[in-house]
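Spelled out from the first residue to the last, the chains are:
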Amino acid sequence: MYIATKAFYLFVSIIVALVWGLTVNGIVRKIVARVHGRIGPPVWQPFIDIIKSNAKRSMIAHGVMFYFGPVFRFAGGLGTYVFIPAVFGSVVFENLSFSGDLLLVMYFIFFGQLGMALGAGEGGHPASAIAVGRGLAQMTAFELPFALSIISLATQYNTLSITDIVAAQQAGVMSWTVFTNPLATFAALFALLGMNMHSPFDIVIAPQEIPLGPPTEYQGSLLGMLHTNRGIFVSAKLILFMNLYFGGALNLPILMVKTFAIYMLSVVVGVAFPRFRADQSIRFFLGVPTVLGILALLIQ
Amino acid sequence: MKSTENKIIHPLENAGVPEDQRHLYCDASPRPYPALNKYVERFLNWARANSLWILGYGTGCGAIELRPLLTSRFDISQYGMNPRPTPRQSSVFIIGGYLSVKTLKRVIRSYEQMQNPKFVVGLGSCTVNGGMYWDSYNTVNRLDYYLPVDVYVAGCMPRPEAIIAGFEKLKSTIMAGQAEGANEYAERFDWYKSNQKKIIKDWDMPDYNW
Amino acid sequence: MNSLIKRLKMQFDVEEQTQRSNLSFINATALQLPALLTHLRDYEKYTQLIFLTAVDRIEDNQFQLTYMLADESSQNNIGVRVRIDRENAVMTSIAHLWHHARTYQQELREMFGIDFPGSPGVNDNFILEGWEEIPPMRRDFDTREYSEKTYFPRPGRSTTHPRTAMKAVDPDYPELPLMKGRVK
């Protein structure tokens, strides 16, 4: 009975995360379009795109790993989300959080990209291979400030449980990590810019130079799965950052406001800057963000 | 749409490919995919019509009118349309103007790589009847002899407003369930292929480039 | 420009035909051409080959090749015209003088059937792929007939000349040429 209830709650939680993630994506597309002086697609466009992708009748496959690529990516997004307690103190949205979930989540964040690299490699498109190389290099680069920041946090709160970290920030706004450990927060926010792959760090997708990068060969329901994952993964990343650095959320509306605000950082940076070259992006992450991360670690 | 469930699909010869490489290519001709249940299909057609992903083929002069469509002036993303750089993910193939024999070959390759519900929009008079190049030694006169065309937008060049109107027409065709160009291409595959091969003399690619 | 022509006439058997102060054409024979072009390029600073094109002089049973050279410092252009036989259309390649001439020669090979032995890639496809008729830019090639035979012309096509169409709605529409500032 307990397992059934838990599974049901988890299901609800995932659906909410998915819908919210896709909606945020839709809103962001609208905002970016407005900045460009366009009207922009409707907010629900990501949902239609997913339905339409799944409505493709024929499909081309390039081998077993080609199928596994999106599956791994989706599993990465899902795995990231289900181990993060989304709403502090909520039974439905606590998900599968446990005492060491922070480490597992960090692993899952990068799991999807690895799977995608294998799948895209099997697709055989040269642009995919270039993009995979860029993606893994960039991922390694922004993983460094992010990991340093997480270690700093773990030292600060003396725990690896996200729930405990959120609990420690409930004493008011001034107890949020962004105020108690600003160096770690900024290092991680730089890493978030890379994770969200908005400009100037969109060297993986880079539509104008390597058409779409890894998913170039993907179509139909596999592409639909990648798009679905984009919704969940965005939610998961934003909720993780909200939990770690911005005091978590006590209910869904606060969660929405906070995650949206965190995402706006990526969007503002994204519409203001053109794209880095691959080497520039990697140098950037190994520069200021890493120094911030090391300082945060030293201060603790 | 006629039902052709019992149509015998014979393996393709791939005579244009060198014999030692022939085993690398697929020799199955395309097959038509039947529509699903009426109500499901209606819903899916709504989604297809509202999420048209464009593959632009812009070597003709008509493609110059696609730029204002994609950018701020006549932003078509508000209609749920999006340029896609890869044929695998696109559903609308826009032929931007005249086609020569050389470009038609590439167009066919790209078209066959697109996945089943796929639509073709021919821009400009050149795709309708050859336009001002109708008596040229190298300009294809009627696009619909080589690819199933859903919507023609006549004009030389059609204004972006006309292209948007063409897309609206395409949308209503899709929602009515009549934009089955991909199935038609599969059903009349031999006819299309013979037309294509009649003008593409050095056919050095597989017969069906899925 | 004039002094250049004089100097050339001392060394080569050429006829000149000046069109503008900075544009001259000289007629040369096919045998002289490589020497003439090398001379122009190396001694007279005409270092740029602007284009190489052909005209089908079917009445004389000849092709006329035009090599247009430019001197960037003085902004002068000189065109070298060469007539070659139409039946046995072979011309010396100049790809060793200007590397990009190979593209022009490849195009002329395809469009006019003029061969340039030794030009790199001259027999490769340029625009036409798998062309089986006579080269399409030759004037005895009937492009309209070929198009109607090959490209499934759409029936019902009608062509209207602008002048006849305008005449129908406006009797005052002028005969050739259209006058400027016409007031009705």
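The structure displayed is predicted, hence computed values, not measured ones. (Residues numbered from 1 in each chain as written. Chains lettered and ligands numbered in written order. Predicted model: local features only at pLDDT ≥ 70, side-chain atom pairs only at ≥ 80, totals over all residues. Heavy atoms only, no water.)

### As for the overall build of chain A
No. 1: What chain A contains, in helices and strands, is 12 helices and zero strands.
No. 2: The linear arrangement of helices and strands in chain A, starting from the amino end, is α-α-α-α-α-α-α-α-α-α-α-α.
No. 3: Taken over C-alpha atoms, the radius of gyration comes to 19 Å for chain A, in line with the 19 Å a tight globule of 300 residues would show.
No. 4: For the C-alpha atoms alone, the extent of chain A along its principal axes is close to 55 × 50 × 40 Å.
No. 5: Out of the 300 residues belonging to chain A, those deemed buried represent 55%.
No. 6: Restricting the contact set of chain A to residue pairs at least 6 apart, pairs at least 24 apart contribute 79%. (Helix = DSSP H or I, 4+ residues; strand = E, 2+ residues; numbered from the N terminus. Rg over C-alpha atoms; globule rule 2.2 N^0.38 Å. Buried < 20%, exposed > 50% of the residue type's maximum accessible area, 1.4 Å probe, protein only. Contact = heavy atoms within 4.5 Å.)

### Focus on the overall build of chain B
No. 1: Per the secondary structure count, chain B includes seven helices and five strands.
No. 2: When the helices and strands of chain B are read in sequence order from the N terminus, they spell out α-β-α-β-β-α-β-α-β-α-α-α.
No. 3: Relative to the compact-globule value of 17 Å for 210 residues, chain B shows a C-alpha radius of gyration of 17 Å, a close match.
No. 4: Expressed along its principal axes, the backbone C-alpha trace of chain B runs to roughly 50 × 45 × 25 Å.
No. 5: Among the 210 residues that make up chain B, the fraction classed as buried is 57%.
No. 6: Counting only contacts in chain B whose residues sit at least 6 apart along the sequence, the fraction spanning at least 24 positions is 76%.
No. 7: Counting every atom, chain B has about 8900 Å² of accessible surface; 54% of that belongs to carbon and sulfur. (Areas by Shrake-Rupley, 256 points an atom, 1.4 Å probe, with all protein chains shown as cover.)

### Focus on the confidence of the model for chain A
No. 1: Here chain A shows a mean pLDDT of 84. Residues at 70 or above account for 100%.
No. 2: When pLDDT is averaged over each helix and strand of chain A, the minimum, 81, is found for helix 4 (residues 101-123) of chain A and the maximum, 89, for helix 2 (residues 45-54) of chain A. (pLDDT = per-residue confidence, 0-100.)

### Thoughts on the sheet that holds strand 3 (residues 48-57) of chain C
Residues and elements named next belong to chain C.
No. 1: Strand order in this open sheet of five strands is 1-2-5-4-3, and the pairing throughout is mixed. Both edges of this open sheet fall to strand 1 (15-20) and strand 3, since each of them pairs with a single strand only. The mean angle between the axes of side-by-side strands here comes to 20°, regardless of whether they run parallel or antiparallel.
No. 2: Here strand 3 runs beside strand 4 (residues 62-71); their pairing, made up of nine bridges, is antiparallel. Looking at strand 4, one finds that L49 is bridged to L69.
No. 3: Of the strands in this sheet, strand 3 and strand 4 are in contact with helix 3 (residues 101-111), which crosses strand 3 at around 15°. (Pairing = 2+ DSSP bridges. Axes fitted to C-alpha atoms, helices over the stretch in contact; angles between N-to-C directions.)

### Let's talk about the sheet that holds strand 4 (residues 119-123) of chain B
Residues and elements named next belong to chain B.
No. 1: Within the open sheet, the five strands sit side by side as 2-1-3-4-5. Their pairing is parallel. Two strands close off the open sheet at either side, each with one partner strand: strand 2 (82-83) and strand 5 (151-153).
No. 2: Strand direction decides the pairing type here: strand 3 (residues 92-96) and strand 4, joined by five bridges, are parallel. Its bridge partner being in strand 4, I95 is matched across the sheet by G122.

### Description of the interface of chain B and chain C
Think of interface size as the accessible area that goes away when the parts come together; that is how it is often given.
No. 1: Each partner contributes residues to the interface: chain B has 25 residues there, and chain C has 25 residues.
No. 2: Together, the buried faces of chain B and chain C total about 2300 Å²; carbon and sulfur atoms form 50% of this surface.
No. 3: Per-residue buried area on chain B facing chain C is highest for B:W134, B:Y137 and B:K201; these three make up 34% of the total on that side.
No. 4: Summed over the shared surface of chain B and chain C, the number is three salt bridges.
No. 5: Counting every contact that joins chain B to chain C gives 11 residue pairs in polar contact (both at pLDDT 80 or more).
No. 6: Going through the elements one at a time, helix 3 (101-113), helix 4 (125-129) and helix 7 (189-199) of chain B are the ones with two or more residues in the side of chain B that touches chain C. (Buried area = accessible area lost by both parts, 1.4 Å probe. Salt bridge = Lys/Arg side-chain N within 4 Å of Asp/Glu carboxyl O. Polar contact = N/O pair within 3.5 Å; in protein donor to acceptor, adjacent residues only side chain to side chain.)

### Remarks on a nonpolar patch on the surface
Residues and elements named next belong to chain A.
No. 1: A contiguous nonpolar patch, built from V291, I294, L295, L298 and I299 and spanning about 480 Å² of accessible area, is present on the exposed surface.
No. 2: As for its placement among the helices and strands, I299 is situated in helix 12 (residues 288-299).
No. 3: We classify I299 as exposed; its relative accessible area is 60%. (Patch = residues over 30% accessible without salt bridge, like charges linked within 9 Å, V, L, I, M, F, W, Y side chains within 5 Å.)

### Points about the environment of C:L23
Residues and elements named next belong to chain C.
No. 1: Here L23 lies in strand 2 (residues 23-28).
No. 2: When its relative accessible area of 9% is taken as the criterion, L23 is described as buried.
No. 3: Along the sequence, L23 and L69 sit 46 residues apart, while their C-alpha atoms lie 9.9 Å from each other.
No. 4: If we skip the residues at most four places from it in the chain, L23 touches T18, M68 and N77.

### Side note on unusual backbone geometry
No. 1: At the junction of B:C156 and B:M157, the peptide bond is cis and its omega measures out at -10° in the coordinates.
No. 2: Looking at where B:M157 falls in the secondary structure, it is placed in the loop between strand 5 and helix 5 (160-175).
No. 3: The phi angle at A:N158 is positive, at roughly 60°, despite the residue not being glycine.
No. 4: Considering the arrangement of structural elements, one finds A:N158 in the loop between helix 5 (126-157) and helix 6 (162-167).

### A word on the packing of helix 5 of chain A against helix 12 of chain A
Residues and elements named next belong to chain A.
No. 1: Where helix 5 meets helix 12, the axes come as close as 8 Å, and the angle between the chain directions of the two elements is 15°. Of the possible angle classes, the one that applies to helix 5 and helix 12 is roughly parallel. The two elements helix 5 and helix 12 cross, and the hand of that crossing is left-handed. The residues of helix 12 that touch helix 5, namely those facing L144, P145, L148, I151, S152 and T155, are P289, T290, G293, I294, A296 and L297.
No. 2: In the contact of helix 5 with helix 12, the residues fall into eight nonpolar, four polar and no charged. (Parallel < 35°, antiparallel > 145°, perpendicular 65-115°, else oblique. Left-handed = near helix turned anticlockwise from the far one by under 90°. Nonpolar A, V, L, I, M, F, W, Y, C, P; charged D, E, K, R; others polar.)

### Regarding the interface of chain A and chain B
No. 1: Taken together, the 30 residues of chain A in the interface contact 33 residues of chain B.
No. 2: Broken down residue by residue, the surface that chain A buries against chain B is led by A:K52, A:K56 and A:R57, which jointly contribute 27%.
No. 3: On the surface where chain A and chain B come into contact, there are four salt bridges.
No. 4: Put simply, B:E180 and A:R57 hold a salt bridge, and the shortest N to O gap is 2.9 Å.
No. 5: The tally of links from chain A across to chain B stands at 22 residue pairs in polar contact (both at pLDDT 80 or more).
No. 6: Residue contributions to the side of chain A that touches chain B peak at six residues, all from helix 2 of chain A.
No. 7: Split into classes, the residues belonging to the side of chain A that touches chain B amount to 13 nonpolar, 10 polar and seven charged.

### Quick look at the nonpolar core
No. 1: The biggest cluster of nonpolar side chains holds 68 residues, and the ones touching the most others in it are C:L65, C:Y67, C:I78, C:V80 and C:I114.
No. 2: In contact with C:I78, other than residues within four places in its own chain, are C:M1, C:L4, C:I5, C:L8, C:S24, C:I26, C:L40, C:Y46, C:Y67, C:M68 and C:L69.
No. 3: Membership of the second largest hydrophobic core comes to 63 residues, among which are A:V87, A:M139, A:F246 and A:V267. (Core = buried A, V, L, I, M, F, W, Y, C linked by side-chain atoms within 4.5 Å.)

### Brief notes about the side chain of A:S281
All names here are of chain A.
No. 1: Counting through the fold element by element, S281 comes out in helix 11 (residues 278-286).
No. 2: Overall, the relative accessible area of 0% leaves S281 in the buried class.
No. 3: Here Q138 takes part through its side chain, which lies 2.9 Å from a polar atom of the side chain of S281.
No. 4: Those residues in contact with S281, other than ones at most four positions away along the chain, are Q138, F201, I203 and F276.

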